[in-house]
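# Remarks on the overall topology
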Amino acid sequence: MKQVHKTKRYKRHFICFKCRKNFKQPNEKDLAEKDGELSLLLNAFYFSKPKKKISKDIVAYLNNKYFRQTINCPECRTEMVEVSMSFETPAKKYIKKWEILESHYRAEGFIHNSLPNKMKDYIRLLENSHKWHIQMLQNAENHKAYGESSAEAKTRLQENIAALENELKKLC
Ligand SMILES: [Zn+2]
């Protein structure tokens, strides 16, 4: 009998700020395979030349189910944050590192691989980012994201600035 070797898919990596741990979660393709939706998922998101056309409704359904779903910590049920596979999760005992990591996520909305260890340096980083965002806001027309209108860019930058100010207020 011929043996079928299945290529193993990578796991997605998440961190929980509350438990200060990382957790691996199944790849969306593995989940779709289990639910018999792999072919739909591949055609909707992965094939550069889809073998069949997937309707808009199905694309939205798949997007919600496989990409937009919040993933909760298996231990404390808090919502986790996805990190890249190269992200080096700090050891649980480095509480300050975790505080800075979480604060930066609240302020900037993404996980940064190499943040300063000292609070003073970290605050300076946020202050610089705040200045930079103010400059971008004054010139929002030149800082539009793909498909964004000027008004949308302004709103986004104002939200970024508010989040940075909020975090700086807590720290200073
Ligand atoms: Zn947790």
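Remember, it's a predicted structure, so these values are computed and weren't measured experimentally.

A few words now on the sheet that holds strand S3 (residues 81-83). The strand order S2-S1-S3 describes an open sheet built from three strands, whose pairing is antiparallel. Both outer strands of the open sheet, strand S2 (21-25) and S3, are each paired with one neighbouring strand and no more. Going across the sheet, the axis of each strand differs from the next one's by a mean of 40°, ignoring polarity. Pairing analysis gives five bridges linking strand S1 (residues 12-16) to S2, with the strands arranged antiparallel. The residue bridging Cys16 from the neighbouring strand is Lys21, located in S2.

This brings us to the coordination of the zinc ion. Ideal geometry at a metal gives 109.5 degrees between four tetrahedral donors and either 90 or 180 degrees between six octahedral ones. Ligation of the zinc ion by protein atoms is provided by Cys16 (SG), Cys19 (SG), Cys73 (SG) and Cys76 (SG), these donors lying 2.2 to 2.3 Å from the ion. What makes Cys19 buried here is its relative accessible area of 11%.

Counting residues in hydrophobic clusters, the biggest one holds 16 residues, and the most contacted among them are Ile15, Phe17, Phe87, Leu101, Ile111 and Leu126. At the level of elements, S3, helix H4 (95-108), helix H5 (119-138) and helix H6 (150-171) are the ones that each hand at least two residues to this core. Looking at this core, the element that brings in the most residues is H4, giving four residues. Built from parts of two domains, this core gets at least three residues from each of domain 1 (10-89) and domain 2 (91-172). Excluding residues that lie within four positions of it along the chain, Phe17 makes contacts with Val81, Trp98, Leu101, Glu102, Tyr105 and Ile111.

Parameters and conventions
Residues numbered from 1 in each chain as written. Predicted model: local features only at pLDDT ≥ 70, side-chain atom pairs only at ≥ 80, totals over all residues. Heavy atoms only, no water. Pairing = 2+ DSSP bridges. Helix = DSSP H or I, 4+ residues; strand = E, 2+ residues; numbered from the N terminus. Axes fitted to C-alpha atoms, helices over the stretch in contact; angles between N-to-C directions. Donors = N, O, S within 2.8 Å, 3.2 Å for Na, K, Ca; no water. Buried < 20%, exposed > 50% of the residue type's maximum accessible area, 1.4 Å probe, protein only. Core = buried A, V, L, I, M, F, W, Y, C linked by side-chain atoms within 4.5 Å. Domains from an automatic or database assignment. Contact = heavy atoms within 4.5 Å.

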